[in-house]
2 protein chains.
Amino acid sequence: MATLKSTTPQLEELKTRVTEIYDINAAVSVLYWDQSTYMPSGGAGARGRQMALLRQIAHQKLTDPSLGKLLADLQTQEKTWDYSSPEASLIRLTYRNYQRAIQVPGDFVAQFSAHRSRCYEAWAKAKEEDNFALVQAELEKNLDFTRQYANFFSGYDHIADPLIEEVDYGMTTATLRPLFAQLRKELVPLVEAISSCPPLDVSCVQQGFDRQKQLQFTLNLLRQVGYDFYRGRQDESLHPFTTSFSIGDVRITTRVRENDLTEALFSTIHEMGHAFYEQGLDRTLEGTPLAEGTSAGVHESQSRLWENLVGRSPEFWQYFYPQLQEMFPEELKPVSLDTFYRAINRVERSLIRTDADEVTYNLHVMIRFDLELELLEGSLEVRDLPDAWNARYQSDLGVCPPSDRLGVLQDVHWYTSTLGAMFQCYTLGNIMSAQIYQAALQDLPHLKDNIAQGDFAPLQNWLIDHIYQFGSVYTPLELMQNVTGSDLKITPFLDYIQQKYRQLYDF
Amino acid sequence: MATLKSTTPQLEELKTRVTEIYDINAAVSVLYWDQSTYMPSGGAGARGRQMALLRQIAHQKLTDPSLGKLLADLQTQEKTWDYSSPEASLIRLTYRNYQRAIQVPGDFVAQFSAHRSRCYEAWAKAKEEDNFALVQAELEKNLDFTRQYANFFSGYDHIADPLIEEVDYGMTTATLRPLFAQLRKELVPLVEAISSCPPLDVSCVQQGFDRQKQLQFTLNLLRQVGYDFYRGRQDESLHPFTTSFSIGDVRITTRVRENDLTEALFSTIHEMGHAFYEQGLDRTLEGTPLAEGTSAGVHESQSRLWENLVGRSPEFWQYFYPQLQEMFPEELKPVSLDTFYRAINRVERSLIRTDADEVTYNLHVMIRFDLELELLEGSLEVRDLPDAWNARYQSDLGVCPPSDRLGVLQDVHWYTSTLGAMFQCYTLGNIMSAQIYQAALQDLPHLKDNIAQGDFAPLQNWLIDHIYQFGSVYTPLELMQNVTGSDLKITPFLDYIQQKYRQLYDF
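Being a predicted model, the structure only gives us computed values, none of them experimental.

Caption draft 1: Layout of the overall build of chain A. Counting secondary structure elements, chain A contains 22 helices and three strands. Here the C-alpha atoms of chain A give a radius of gyration of 23 Å, agreeing with the 23 Å that 2.2 N^0.38 yields for 507 residues. Its C-alpha atoms put chain A at 70 × 50 × 45 Å along the principal axes. A buried classification covers 59% of the 507 residues belonging to chain A. In chain A, 73% of the contacts between residues at least 6 apart in sequence involve partners at least 24 apart. Just so you have it, chain A exposes about 19600 Å², and 48% of that area is on carbon and sulfur atoms. Between the mean site of the 45 positive side-chain charges and the mean site of the 68 negative ones, chain A shows a separation of 2 Å.

Caption draft 2: The arrangement of the UniProt feature "binding site: Zn(2+)" (unreviewed entry) in chain A in detail. All names here are of chain A. According to UniProt, the feature "binding site: Zn(2+)" (unreviewed entry) maps to His270, His274 and Glu300 in the numbering used here. Look at the named residues: they lie 31 residues apart in sequence, but the longest C-alpha span between them is just 8.8 Å, so in the fold they bunch up. Residue placement: histidine 270 occurs in helix α10 (residues 261-279). Beyond its immediate chain neighbours, meaning those up to four positions away, histidine 270 contacts Glu300, Ser303, Arg304 and Glu307. Looking at the secondary structure, you find histidine 274 in helix α10. With relative accessibility at 10%, the residue histidine 274 sits in the buried group. With residues up to four places along the chain from it excluded, the contact list for histidine 274 reads Thr242, His299, Glu300 and Ser303.

Caption draft 3: Representation of the interface of chain B and chain A within the structure. Counting residues at the interface gives 37 residues for chain B and 37 residues for chain A. For the pairing of chain B and chain A, the buried interface totals around 2700 Å² over both sides, and the portion due to carbon and sulfur atoms is 62%. For the pair chain B and chain A, the number of links is eight salt bridges. Where aspartate 249 of chain A meets arginine 47 of chain B, a salt bridge forms, and the shortest distance between an N and an O atom there is 3.8 Å. Linking chain B to chain A there are 16 residue pairs in polar contact (both at pLDDT 80 or more). Of all elements in the fold, only α1 (9-37), α2 (44-62), β2 (242-246) and β3 (249-254) of chain B reach the threshold of two or more residues within the side of chain B that touches chain A. Among the elements that line the side of chain B that touches chain A, the one with the most residues is α1 of chain B, at eleven residues. Among the residues making up the side of chain B that touches chain A, the classes are represented as 17 nonpolar, nine polar and eleven charged.

Caption draft 4: Region of interest: the pattern of salt bridges. Residue and element names in this part refer to chain A. Counted by the stated rule, this structure contains 62 salt bridges over all chains. For arginine 353, the salt bridge identified is with aspartate 411, shortest N-O distance 3.0 Å. With arginine 353 in the loop between α14 (337-343) and α15 (361-377) and aspartate 411 in the loop between α16 (385-397) and α17 (413-416), this pair connects stretches of sequence that are 58 residues apart. In this structure arginine 353 comes out as buried when scored by relative accessible area, which is 4%. The class for aspartate 411 is buried, based on a relative accessible area of 8%.

Caption draft 5: Looking closely at the relation of the copies chain B and chain A. Overlay of chain B on chain A (RMSD 0.0 Å): rotation 180°, translation along the axis 0.0 Å. Both chain copies can therefore be described as sitting about a two-fold axis. Scanning chain B for the C-alpha nearest the rotation axis identifies alanine 27 of chain B, at a separation of 3.6 Å. A shared interface surface links the copies, since 100% of the contact residues of chain B are contact residues in chain A too.

Caption draft 6: The UniProt feature "active site" (unreviewed entry) in chain A, seen in detail. All names here are of chain A. Here the UniProt-annotated "active site" (unreviewed entry) positions come out as Glu271. Examined against the element boundaries, glutamate 271 turns out to sit in helix α10. Take glutamate 271: its relative accessible area is 7%, and that puts it in the buried class. Non-local contacts of glutamate 271, meaning those with residues more than four positions away in its chain, are made with Pro240, Phe241, Thr242, Ile252 and Thr253. Polar side-chain contacts of glutamate 271 include one of 2.7 Å to the side chain of threonine 242.

Caption draft 7: Quick peek at helix α9 (residues 211-225) of chain B. All names here are of chain B. In a regular helix each residue adds 1.5 Å, so 15 residues correspond to 21 Å; α9 covers 21 Å between its end C-alpha atoms and thus fits that length. Listed as buried for α9 are Gln214, Leu215, Phe217, Thr218, Leu221, Leu222 and Val225. Seen end-on, α9 carries its buried residues on one side only, within an arc spanning 160°. Exposed residues on α9 whose side chains face more than 90 degrees from its buried face are Gln212 and Arg223. Buried-residue contacts for α9 involve β1 (234-236), β3, α10 (261-279), α11 (296-310), α12 (314-327) and α20 (457-466).

Caption draft 8: Fine view of the sheet that holds strand β1 (residues 234-236) of chain A. Residue and element names in this part refer to chain A. Read from one edge of the open sheet, three strands run β1-β3-β2, paired in mixed fashion. Among the strands making up the open sheet, the edge pair consists of β1 and β2 (242-246). Direction aside, the axes of adjacent strands within the sheet are offset by 25° on average. Here four bridges tie β2 to strand β3 (residues 249-254), and the two strands are oriented antiparallel to one another. Its bridge partner being in β3, threonine 242 is matched across the sheet by isoleucine 252. Of the strands in this sheet, β1 and β3 touch helix α9 (residues 211-225), which is tilted by about 155° from β1. Contacts from α10 reach β1, β2 and β3, with the element oriented near 165° to β3.

Caption draft 9: Structural context of the packing of helix α5 (residues 106-128) of chain B against helix α6 (residues 133-151) of chain B. Residues and elements named next belong to chain B. Here α5 crosses α6 at 155°, and the two axes come no closer than 9 Å. The orientation of α5 with respect to α6, classified from their angle, is roughly antiparallel. Between α5 and α6 lies a crossing of left-handed hand. Residues Phe108, Gln111, Phe112, His115, Arg116, Arg118, Cys119, Ala122, Trp123, Lys125 and Ala126 of α5 form the contact with α6, whose participating residues are Leu134, Val135, Glu138, Leu139, Lys141, Asn142, Phe145, Thr146, Gln148 and Tyr149. Residues that form the contact of α5 with α6 fall into these classes: eleven nonpolar, five polar and five charged.

Caption draft 10: The pairing of β3 of chain B, seen in detail. Residues and elements named next belong to chain B. Of all six residues that make up β3, six are buried, and the element is covered over most of its length. Judged by which residues are buried, β3 turns out to be covered on both faces: Asp249, Arg251 and Thr253 on one side and Val250, Ile252 and Thr254 on the other are all buried. Judged from the three bridges that link them, β1 and β3 form a sheet pairing that is parallel. By the bridge assignment for β3, glutamate 236 is matched with threonine 254.

Caption draft 11: Representation of the sheet that holds β1 of chain B. Residue and element names in this part refer to chain B. Here three strands make up an open sheet; going across it, the order is β1-β3-β2 and the pairing mixed. At either end of the open sheet lies a strand with only one pairing partner, and these are β1 and β2. Strand-to-strand twist in this sheet, taken as the mean axis angle between neighbours without regard to direction, amounts to 25°. Across the sheet, α10 touches β1, β2 and β3, and the angle it forms with β3 is around 165°.

Caption draft 12: Highlighting the domain arrangement of chain A. Residue and element names in this part refer to chain A. Domain boundaries in chain A define domain 1 (9-103) and domain 2 (131-506). Each of domain 1 and domain 2 was reduced to a C-alpha centroid, and the two centroids are 27 Å apart. For the pair domain 1 and domain 2, the summed buried surface comes to about 2200 Å²; carbon and sulfur atoms form 61% of the total. The largest contributions to the domain 1 side of the interface with domain 2 come from Tyr22, Trp33 and Arg100, which together make up 34% of the buried area. Our enumeration of links across domain 1 and domain 2 arrives at two salt bridges. Inspection of the domain 1/domain 2 interface yields six residue pairs in polar contact (both at pLDDT 80 or more). Counting only elements with at least two residues in the side of domain 1 that touches domain 2, the list comes to α1 (9-37) and α4 (86-101).

Rules behind the numbers
Residues numbered from 1 in each chain as written. Chains lettered and ligands numbered in written order. Predicted model: local features only at pLDDT ≥ 70, side-chain atom pairs only at ≥ 80, totals over all residues. Heavy atoms only, no water. Helix = DSSP H or I, 4+ residues; strand = E, 2+ residues; numbered from the N terminus. Rg over C-alpha atoms; globule rule 2.2 N^0.38 Å. Buried < 20%, exposed > 50% of the residue type's maximum accessible area, 1.4 Å probe, protein only. Contact = heavy atoms within 4.5 Å. Areas by Shrake-Rupley, 256 points an atom, 1.4 Å probe, with all protein chains shown as cover. Lys, Arg positive; Asp, Glu negative; His and termini not counted. Charge placed at Lys NZ, Arg CZ, Asp CG, Glu CD. UniProt positions renumbered as here; feature names shortened; annotations may be inferred. Buried area = accessible area lost by both parts, 1.4 Å probe. Salt bridge = Lys/Arg side-chain N within 4 Å of Asp/Glu carboxyl O. Polar contact = N/O pair within 3.5 Å; in protein donor to acceptor, adjacent residues only side chain to side chain. Nonpolar A, V, L, I, M, F, W, Y, C, P; charged D, E, K, R; others polar. Least-squares fit on C-alpha atoms with pLDDT ≥ 70 in both. Expected span 1.5 Å × (residues − 1). Arc of directions from axis to C-beta. Pairing = 2+ DSSP bridges. Axes fitted to C-alpha atoms, helices over the stretch in contact; angles between N-to-C directions. Parallel < 35°, antiparallel > 145°, perpendicular 65-115°, else oblique. Left-handed = near helix turned anticlockwise from the far one by under 90°. Domains from an automatic or database assignment.

Pasting the structure below:
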C-alpha cells in the first residue's frame with residue numbers, strides 16, 4: 001500500500017486535525033482500559049466525568065465548522081488521487097465522519113453520555129439483584145435517546161438504519177433481515193438435529209485448572225501465533241476486550257475461570273484476532289481515522305476467524321495440545337487430543353450468548369437483533385422486553401431463562417450505548433469469517449498443514465495483505481469483494497458448520 | 001473545613017471551568033502512570049504526542065480570555081467569603097494560575113514540551129552509554145528554553161525566582177540561599193564527625209530477599225499504616241512516584257531490589273506519605289485546583305515525615321520488625337531489632353542522591369541547587385557542568401563520581417523539565433518535616449507509643465486536621481505558621497538529626 005504523503009498544505013492541515021481527534025479518542029481508550037483493569041473502585045466517579053469531557057472535546061473538534069470548510073476545499077482535490085490511495089481515503093472517511101457528527105448537537109452528546117453512565121449503573125444493580133424492573137425506566141430513556149439520535153439522520157428507510165450504518169457501513173435493515181432470516185431457517189433445524197444426538201463430553205475442560213498456569217499458557221500461545229508484545233500486552237478484566245491507543249500499542253484482556261479452561265483459551269484467541277487487525281495496519285495510517293478496522297462486522301470476522309475457524313480446528317490443537325498437556329499434566333495427560341477437540345466443540349442450547357458455541361451463537365444474536373428492531377419500531381415496549389426475550393429463547397433455542405440475570409440482563413450493550421444495532425455485527429462477523437477463510441484456503445493450499453506445524457505466518461501475512469493493512473480504506477462490502485471476489489454470502493459459513501458438525505456428531 | 005458551596009452563577013461557572021482543566025490534567029496523569037507501569041515499548045511515540053496535546057488543551061482552557069473576564073468579575077465577590085473559605089481560595093488560586101499561564105504563549109508551551117521529550121530521549125541514551133556529551137546540546141537548549149520561560153515573568157530579582165515560585169510559592173532565591181547556607185554549615189562538620197566513627201553494619205538488609213515477598217510486605221505495611229486501597233493501588237515502576245487522578249484514586253509505585261531490602265521499604269513509605277496528603281484532602285475540593293498539595297516542598301515534607309521521622313524510627317520498627325522477620329525468617333530471625341534499626345540508619349558519603357541517608361541527603365540537594373543557579377545566571381556553562389558537579393561532590397561529600405552515569409546524569413529532572421528550581425523542594429521538605437513533626441509530638445504526647453503499638457490513626461488524623469484537608473487553600477508559609485506557629489526554621493531538623501545520630505554513632 002502506498003504511503004500517506006502530504007502533497008498539499010490543506011491535506012497537511014487535515015492530518016494535523018484528525019490526529020488530534022485520534023489522540024483524544026486514544027486517551028479516552030487509555031482511561032477506559034485502566035478503568036477495566038487496574039482502577040481502584042474509588043476512582044469511578046471522576047473517571048466517568050473525565051471520559052465524558054474528552055469525548056465532548058473530540059466531538060467539538062470533529063464538528064468544527066473550519067474542518068467542514070477544509071473538507072469542502074479538499075473535495076475538489078480528492079480526485080487527484082486514486083480512490084484507494086490513503087489521501088483520497090482520508091478525505092472521504094473524514095468527510096463521512098464529519099457529516100455524521102454535525103447532525104448531532106453537542107449538548108445531546110453530553111446528555112446522552114451522562115445518561116448512559118446512569119443507565120449502566122442501574123443495569124449493574126439490576127443484574128446484581130436479578131431484577132429487570134430496577135433498570136426499566138433508565139432503559140426506556142435510553143430507547144428514547146436512541147430514537148432521538150437516529151432521527152438526527154434524515155432520509156432513512158428504517159429507524160435502525162442510521163444506527164447500523166454507524167458501525168457497519170453499507171448495511172441496512174433491508175439487507176440484513178433476509179440474510180439473517182435465511183441463516184436462521186438453516187440453523188434452527190441443524191441445532192435440532194444436533195440436539196437429538198448424544199452430547200459430547202466436556203468434563204475434561206471443566207476440571208480445576210490453576211489460574212496462573214492458564215494465564216501463562218495463553219501468553220505462550222499468543223507469542224507463538226504472532227501477537228506482538230512489543231506493541232501490546234494482555235491483562236485480565238471482567239469482560240475481555242481489545243483496545244488500541246496507536247498502531248504501536250494494541251492491548252487485549254482475557255478472563256479466567258478456574259473450572260472451565262475454554263474461557264481463558266477462547267477469549268484470548270478471540271481478542272488476539274481483533275488485535276491482529278489493529279497491529280497489522282499500515283504504519284503510515286497512524287493517527288488518522290483510517291487506522292482502525294473498517295467496521296464492527298469486519299472486526300468481528302477477524303476475532304471469529306481466529307477463535308473458531310482456526311482456534312477450534314483439529315490442526316490448531318494438533319500443534320498446541322501437547323503444550324497444553326505439558327502445562328496441565330495431571331489434568332490432561334490422560335485425555336486424548338480427540339476427546340479434547342470434541343469437548344471444545346460441544347454444541348448446546350444454552351442461555352448465555354458469550355458462552356455459546358459457533359452453531360447456536362447466531363441464534364442468540366438474531367433474537368437480540370429482532371428485539372432491537374421491534375423496540376425501535378415501537379411494536380415492543382421496554383416493559384414487555386423480558387417476556388419477549390424469554391419467549392424467543394423458548395421458540396428458537398428451546399430453553400427458557402429462569403431469571404432476568406440469565407436472560408435480558410445478561411449483556412451490557414443495550415444499557416450502555418444506543419439501544420439498537422448493537423448485535424448484528426456478531427453474526428456479520430461469523431458470516432464474513434467463513435467467507436474470508438474459504439478465500440484464504442484457496443490461496444494457501446497448505447494452510448492447514450502450516451497451522452498443524454505451528455506456522456501461522458502464511459495466514460497472518462495473507463490477512464495483512466488482503467485485509468489488515470488497509471484499515472478503513474475500503475468499506476466492508478468493498479473489502480469483501482476485494483478479498484473474496486463476491487458479495488457477502490452465508491453459504492461458506494453454513495457449509496463449514498454443516499461439514500464440521502455432521503462429522504463431529506455423526507449424523 | 002467548610003463545604004465548597006456555589007453561591008453565585010459566576011462561581012458555578014468557575015467550578016465548571018476549573019474542573020475541566022483538572023480533568024484534562026488528570027487524563028495526562030493516567031497516561032503518564034500507564035507509560036511508567038504497563039505500557040509496551042511500542043506505545044511510546046504516540047503517548048508523547050497524546051500527552052503533549054492534552055497539556056496544550058489544558059493550557060488553552062486556562063488561558064481563555066473569557067476565564068480572565070470571569071475571574072475579574074469574581075475578584076469583586078471574593079471578599080464576600082473568608083480568606084480561607086474554599087470559595088475565596090478557589091478564586092484566589094485560579095486567578096494566580098491564570099495570571100501565570102497567560103504570560104506564556106501557547107506555541108512556546110508546545111515547543112518546550114516537544115523539546116523536553118527529545119531531551120529525555122537523549123538523556124536516556126547518554127546515561128545508558130555513560131556519556132554526558134550525548135545530551136549536552138539538548139541540555140543547552142533546555143537551559144535556553146528555561147531562561148526564555150523565566151523571562152516571560154517580569155520583575156523578578158533573580159532569574160530562578162519565577163521558577164521557584166511556580167512549585168514552592170512564596171520562596172525566592174534570596175530566602176533560600178541563606179537558609180541552605182546555614183544548613184550546609186551545620187551539616188558538613190556533622191557528616192565529617194560521623195564519617196570518622198566506625199560505620200554501621202548494613203549486611204542484614206543486603207542479603208537476597210524474594211521479590212514477591214518484599215512486595216507483599218509493603219502491601220501489608222501500607223494497609224496497616226492506613227493507605228486506602230479503595231482509593232488507590234501500588235504498582236512497580238522504574239522510578240517510584242505518586243500520582244492522583246481524583247481524591248478517589250491516588251496511586252503509588254515502588255521499586256524492588258532483591259539485594260537491598262531498604263529500596264522497596266522506604267520508597268513505599270515515602271510515596272505513602274505523598275499519597276496520604278492527596279487521600280486526605282477534603283472531598284468537597286474534588287475537581288478544583290485546591291485539590292492538591294500546596295507546594296512541592298510541603299508535599300515532600302509529608303513523604304519525608306513518614307519515610308524518615310516515622311519510618312526510620314525505633315518505635316515504627318518495634319511494631320513492624322516482627323512482621324518483617326515473619327516474612328523473611330531465614331534472613332532476619334537471627335538479626336536483632338537493634339541491628340536492623342542501625343542498618344536502616346547508616347550514614348554514608350555516597351554518590352547517588354536517591355540512595356542517600358537523611359543526614360547527607362541535603363548536601364546532595366544543595367549541590368544541585370547551587371549548580372542550577374549558576375547555570376541560570378550564566379556563570380556556569382553546560383559543557384563545564386560535569387566537572388563542576390564532580391568538584392562539588394569532592395568538596396562537600398568527599399567522594400568523586402567515577403563516571404557521568406554516577407554523577408551528573410543520575411537524576412532525570414534537568415533533562416525533562418525546566419532546568420532550574422527542580423531540587424530545592426527536597427531540602428525544604430526535610431526542613432518542614434521536622435518542624436511539623438515537632439508540632440505533632442507536642443500535640444500528641446503519646447505519639448511514639450501509639451506508633452510502637454501500630455496505631456497510626458492519631459498522627460494521620462492530626463495531619464488531616466492540620467495539613468491534608470486544606471489542599472492548596474493556604475500557601476506553604478501560611479500553612480507552616482498555622483501548623484507550627486512559626487516561620488520556616490532549620491533548628492527542628494538539625495536538633496532531630498544531631499540527637500538521633502549522636503546517639504546512633506555514639507559521639
